[in-house]
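Each chain, letter by letter, is given below.
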Amino acid sequence: MAAIKDGYRVTRHVCPRNCYDACGILAYMKNGRLVKVSGDPLHGYTRGKLCSKGYNYLNMVYNPDRIKYPLRQAVRGSGIWQKISWDEALEIICEKILDLKDRYGTTLPVCLNKYSGNFGLLHYAAEGMFNSLGPTTQSLGSPCWSAGLDAQFFDFGNNYNSDPEEIEQAGLIILWGVNPAWTAVHSLPYIFKAQEKGARVVVIDPIYTQTARKADWYIQINPGSDGALALALAKIIWESGCADWNFLNNHTSGWHQFQEYLKDLNLDEAAAECGQELSVIRDLAQEITTRKPCFIWIGYGLQRHVWGGQNVRAINALGAITGSIGMPGGGVQYTNLKTWDLFNYNFLKTRHSNRYININLFAHNLKTLDNPPVKMLWVSCRNLLKQDADINSLLQQLKGIELIVTVDKFLTDTALHSDLVLPTTTFFEALDVVPSYWHHWLSINEKAIDPYYESKSDLEIAQMVTKALNKYQVGSCDFPQYPSEEAYLDREFTDSIYKTLDINHWTDLKEGPARVKGTPTAWADKKFQTPSGKYEFYSNRALAHGLPAMPVKRSGLAPNKDYPYWLLTPHHLQGLNSQFQFTNKQGKLQLEPVVYINHKTAASKGIKKGSMVEIFNDYGSIILKAYLTDDTSPDTLVCYQGLGKTASSNPNTLVKSILTDMGACRTGSEGMAFYDVFVDFKVWREA
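Residues numbered from 1 in each chain as written. Predicted model: local features only at pLDDT ≥ 70, side-chain atom pairs only at ≥ 80, totals over all residues. Heavy atoms only, no water.

Caption draft 1: Geometry of the packing of helix α9 (residues 226-239) against helix α14 (residues 308-322). At a minimum axis separation of 8 Å, α9 and α14 run at an interaxial angle of 20°. Judged by the angle between their axes, α9 and α14 are roughly parallel. Of the two elements, α9 crosses α14, and the hand of that crossing is left-handed. Seen from α9, the contacting residues are Asp226, Gly227, Ala230, Leu231, Leu233, Ala234 and Ile237; seen from α14, they are Asn311, Ala314, Ile315, Leu318, Ile321 and Thr322. When its residues are assigned to classes, the contact of α9 with α14 shows 9 nonpolar, 3 polar and 1 charged. (Axes fitted to C-alpha atoms, helices over the stretch in contact; angles between N-to-C directions. Helix = DSSP H or I, 4+ residues; strand = E, 2+ residues; numbered from the N terminus. Parallel < 35°, antiparallel > 145°, perpendicular 65-115°, else oblique. Left-handed = near helix turned anticlockwise from the far one by under 90°. Contact = heavy atoms within 4.5 Å. Nonpolar A, V, L, I, M, F, W, Y, C, P; charged D, E, K, R; others polar.)

The structure is reproduced here in structure tokens:
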């Protein structure tokens, strides 16, 4: 693009954060400096608008706390930093890799822990470089969405969703455990349009969210009991004769087995488990069967429980019984990997036997791995000490690692416990292409400005490490050394991709985002990618993974006498994990971490608004200011995660590594039960 408009040089971008919307962005430069951003009106989903975080990106690019040069810490955790050159940093890294290879006879002591802090095809260069070293240790899986991915894979055969723009064709919209008013704001116009046409919006969530305030009906469910509610609804709809028999008889497998299970389901027990009167569940079943099509959007939070995958499978089954799957404006939506799956990620392919460890058991793995142990850790696109579980244990295990390298823009909690910190670019400073896991659009990040001081992209760093290693020891790393970012993209885009996107070359994306061709309705042809070719109530794949073959009710963890309160830690409007804690100009948007407590619960403990509260369990304690509310139930505390800059306010201190039931099939490791956390609390200091 790089057009000149009203005296600005304008380039096209897409937000690479781990977020539903992957917003199209235009950047405006004067004299080589980024001076403003706006939404890209050519993006068919986000349509020229950004969220509040997107409009704040200038404060990320030019934040005075941003790292300018490679830094070496005198003693880990001391806060005494020395500016060093890239050559010095590369020397330290290469010497350690080669030393470990010589000592242990393998590169397995070298470990990569990377996840989703910066999406884009070329950001997979970090994994590519590690795969090119020889066998290394790498974290595998996802702390985010694993259980739900498996659940939809077992039932549908793949992870596709309809174009979210189809929401406006729905007769009933069920927002189940998702808060798009805060986390997917660009979906709201489509939801509002559906309401204008007569659709009703139902929100099912343990928290009375901003989205719930905009809905026609809010159902406050007990945490982790979503499967019980979905199965109760399925039984009522089937018994009332309102099931879609054409879909069940012609497009599903295992319906008769599931029907037999529903016969024995106790509705009173299911209603009690999810905290609802049976009459409320019957009313919702009536809405589902009379207002069609029914669009169900499953959020990621409800599968962050020990039986999270079963929760999602139960909701899938509800969608199948209603026959809404494959209907425009209907179906069960979780995520869309169709755009991601276009690419081969060529430099990811490995010829070595890596040692993969569950990303959600990282502290445990560091403690137990031997033959050989992990002795060097490379962290990229993650902030372990803010977002992982078992943080206190992780801190202990990091002491045994000889070299910790963190690639980041800021001195995060993890960077502060590193030996080397390498400055990396923002998406305005490097070329890349970014798919979405929600909508059906693909966009480009042009290079708008020069890198900030000595910042380098993940791709540049991978190339530099490769070149330096091979200088020290020829053949140490075979990561491909193409002459430019453009050359890497040339190898990723194939003729079939161009046909699918209806473009001639990836550079056409500079003229506007491209939409994936094909039907916008997931599973419209009723041809599922399961072994049977049908929607599977009964999944032999699930059975082969040691899981129930069908979506059955499983009671999960619950509060107890020692720790009688749930602690839920969702995303805040102004945050996404801990990525935006450094972007607030002069503290104007700095959000103080607080704990939300039901008024009745607070009164029972003599807690007033503004009181400092100690929240604790067997794994640690944190101190937060109390905020009294009726948005949560009496047995549920809410603390929005990723806010604050002190360890004493980090709710992940209280999170134990408890795995979900599913995730290993699609991501390689089970997911993380972040919402099965139980605590007690007391006054720490009066208001």
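Caption draft 2: Spotlight on the sheet that holds strand β13 (residues 294-298). The 5 strands are arranged β11-β10-β9-β13-β14 in an open sheet whose pairing can be described as parallel. The outermost strands of the open sheet, each flanked by one partner alone, are β11 (217-220) and β14 (331-333). Mean inter-strand twist for the sheet, computed between neighbouring axes without regard to direction, equals 15°. In this structure, strand β9 (residues 172-176) lies alongside strand β10 (residues 200-205), joined through 5 bridges in parallel fashion. Residue pairing in the sheet places Leu175 in a bridge with Val203 of β10. Packed onto the sheet, helix α13 (residues 278-290) meets β9, β10, β11 and β13 and runs at close to 135° relative to β11. The strands that α14 touches are β9, β13 and β14; relative to β13, the one it contacts most, it runs at about 170°. (Pairing = 2+ DSSP bridges.)

Caption draft 3: Seen up close, the pairing of strand β25 (residues 612-617). Within β25, 5 of the 6 residues are buried, which leaves the element mostly enclosed by the surrounding structure. The pairing of β25 with strand β26 (residues 620-629) spans 6 bridges and is antiparallel. Looking across to β26, one finds that Glu614 is bridged to Ile623. Pairing of β25 with strand β28 (residues 678-685) involves 5 bridges; the strand directions are antiparallel. (Buried < 20%, exposed > 50% of the residue type's maximum accessible area, 1.4 Å probe, protein only.)

Caption draft 4: Representation of the layout of surface pockets. Approximately 1,000 Å³ is the volume found for the second largest pocket. As for the second largest pocket, its lining consists of 36 residues, of which Tyr124, Glu127, Leu140, Leu348 and Thr667 are closest to the centre. Looking at the lining of the second largest pocket, its residues break down into 17 nonpolar, 14 polar and 5 charged. (1 Å grid on protein atoms, 1.4 Å probe; cavity = no way out; pocket = protein on both sides within 12 Å on 5 of 7 lines; lining within 4 Å. Points joined across faces, edges and corners; volume = space filled by probe spheres on them.)

Caption draft 5: Structural detail: α14. A rise of 1.5 Å per residue sets the reference length of α14, with its 15 residues, at 21 Å; its end C-alpha atoms lie 22 Å apart and thus fit the reference within 8%. With respect to burial, α14 is a largely interior element, 15 of its 15 residues being buried. Downstream of α14 by one or two residues, Gly323 has phi in the positive range, about 75°. (Expected span 1.5 Å × (residues − 1).)

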